[in-house]
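# Fold and contact review
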Amino acid sequence: MTHSSAGPGDDGHDALFGLDALDPAPGAPGHGGTGAGRGPDDRPPFRESAAARRLLPVRTIYAEPAAASSARGRQILARFPDAELIEVDSHWRIPGLHGNEGNVERWVRVKGETLVLGERKTLATRPNGRSADWIAPGPSNGCAMACAYCYVPRRKGYANPVTVFTNIDAILAHLARHIARQGRKPEPNQCDDSAWVYDIGENGDCSVDALISDNTADLVRTFRGWPTAKASFATKFVNPDLLALDPRGRTRIRFSVMPAADSRLLDVRTSPVGDRIAAAADFLDAATRSTSTSPPWCCAPAGKKPGPRCSGSWTTSCPAGSNGRRPPR
Ligand code: SF4
């Protein structure tokens, strides 16, 4: 297992995992379907493994009362029975979390040890037109990884752990209405030839969310029943549990890549770039459309070394259902 570096102020104990988790040795923690109980090979899902629990050793859960008492909230609380539950009025601006300047020193540690549960109040889909036609209201906000260039924490204060939105049914109902209103896609565009593409992970990482709850599984399963739409999300995390979700070509995972040396510097807690590229073939076999994309441009001052070299923006798409193990170029 290859680990990425940890950020300043953290001891790096909680780095995420590498590609070896995709093909565990007999007796090792296995892989299976997120939310499916057991995977098709009858092994327990990766998220139940000791390795996954080491990556998310949740000790504190801040929760809105309605979120804590919801079915999804209770599922999450049951997954982390030793965590302290602290009720909060809102998942935004939580005193002691977002308002605690001292949390900057514990930036990465907070991402592993803290969860927030809330209800998404605003259900709105807005146009995009780049990798997706539409930006859907996501099932989470915040991320357990800690990329140096991440824009998600900009308005959050001093911490950015995962906030799970527990009202996934409301999100799915909103999407169903939006998709129905669009009808069939009138003509191909750069997002897709025939389907409206919805980005479901704008402010988080659905692969990591799948270690916490069934929100990602619910979205993937629901999208496979919508013939005019596809789900899509970017990720820097190889979660083998997603392989068992049977997306039937209706979910596109965009593995973010950049030069490996730069990624080791910038992509804190993520899966190594080589693992993400290699995993794309496994996801194609599982009928999950996989693409590779680059994160934002990162430029270093002239003459500085080591510095993140500029990485161009490119996307390679492999056809769904293809077994040609074609690495992205
Ligand atoms: S994976 Fe995405 S959401 Fe998570 S820290 Fe990195 S850039 Fe931010």
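Residues numbered from 1 in each chain as written. Predicted model: local features only at pLDDT ≥ 70, side-chain atom pairs only at ≥ 80, totals over all residues.

## Focus on unusual backbone geometry
A negative phi angle characterises most non-glycine residues, just as the trans form characterises most peptide bonds. Using the following cut-off: Where helices and strands are cited, they refer to DSSP runs of H or I of at least four residues and of E of at least two residues respectively, numbered from the N terminus. Three exposure classes are used, all based on how many other C-beta atoms lie within 10 Å of a residue's own C-beta (placed from the backbone): buried at 20 or more, exposed at 12 or fewer, and partly exposed between those limits.
Positive phi, close to 50°, is recorded for Arg93, a residue that is not glycine. Tracing the backbone shows Arg93 in the loop between strand E2 (84-87) and helix H4 (107-113). Arg93 sits in the partly exposed class, given 13 other C-beta atoms within 10 Å. Notably, Arg269 is not glycine yet its phi reads approximately 75°, a positive angle. Among the secondary structure elements, Arg269 is positioned in the loop between strand E12 (267-268) and helix H9 (273-285). According to the C-beta neighbour criterion, Arg269 is buried, with 26 such atoms within 10 Å.

## Details of the nonpolar core
As a reminder of what qualifies: Take the buried Ala, Val, Leu, Ile, Met, Phe, Trp, Tyr and Cys residues, join any whose C-beta atoms are within 7 Å, and the set you get is a nonpolar core. Think of it this way: build a C-beta for each residue from its backbone, and any pair within 7 Å is a contact.
Residues Leu115, Leu117, Met145 and Tyr198 are the most contacted members of the largest nonpolar core, which totals 70 residues. At five residues, H9 tops the list of elements feeding residues into this core. The residues touching Tyr198, leaving out its near neighbours within four places in the chain, are Ala132, Trp134, Ala136, Leu175, Ala229, Ala231 and Ser232.

## Some thoughts on the sheet that holds strand E8 (residues 162-165)
Here is the rule we go by: The criterion for strand pairing is that DSSP finds at least two bridges linking the strands in question.
Taken together, five strands build an open sheet; the order of strands is E2-E1-E3-E8-E6 and the sheet is mixed. Whereas interior strands pair on both sides, the edge strands pair on one side only; in this sheet they are E2 and strand E6 (140-141). In this structure, strand E3 (residues 114-118) lies alongside E8, joined through four bridges in parallel fashion. The residue of E8 that forms the bridge with Gly118 is Phe165.

## Remarks on the confidence of the model for the chain
Basically, it comes down to this: Confidence of the predictor at the level of single residues is given by pLDDT, which spans 0 to 100.
A residue-level look at the chain finds 74% of positions with pLDDT of 70 or above and a mean pLDDT of 80. In this model residues 1-36 is a low-confidence stretch, pLDDT under 50, and it forms 103 contacts with partners more than four residues away in sequence or in other chains. Long-range and interchain partners of residues 305-329, a stretch whose pLDDT sits below 50, account for 47 contacts in this model, where long-range means more than four residues apart.

## Details of the environment of Pro137
Examined against the element boundaries, Pro137 turns out to sit in the loop between strand E5 (134-135) and E6. With residues near it in sequence (within four places) discarded, Pro137 still touches Arg120, Thr122, Leu123, Ala124, Thr125, Ile171 and His174.

## What about the pairing of E8?
As a general feature of sheets, a regular strand has side chains that alternate between the two faces. What you see with E8 is no split at all: Val162 and Val164 on one side and Thr163 and Phe165 on the other are buried throughout. Sheet topology note: the E6/E8 ladder contains two bridges and is antiparallel. In the sheet register, Asn141 faces E8, and the bridge partner there is Thr163.

## Some points on the environment of Ala83
With respect to the helices, strands and loops of the structure, Ala83 is situated in the loop between helix H3 (71-79) and E2. Separated by 30 residues in the primary sequence, Ala83 and Glu113 place their C-alpha atoms 8.9 Å from one another. Discounting chain neighbours no more than four positions away, the residues touching Ala83 are Val58, Arg59, Thr60 and Ile61.

## With respect to helix H5 (residues 168-182)
Quick note on the threshold: One fewer than the residue count of a helix, multiplied by 1.5 Å, yields its expected span.
An ideal rise of 1.5 Å per residue puts 21 Å on 15 residues; H5 measures up with 21 Å between its terminal C-alpha atoms. Gly183 lies just past H5 and shows a positive phi near 70°.

## Description of the pairing of strand E11 (residues 251-256)
Within E11, six of the six residues are buried, leaving the element largely enclosed by the surrounding structure. Here E11 shows a buried face lined by Thr251, Ile253 and Phe255 and a second buried face lined by Arg252, Arg254 and Ser256.

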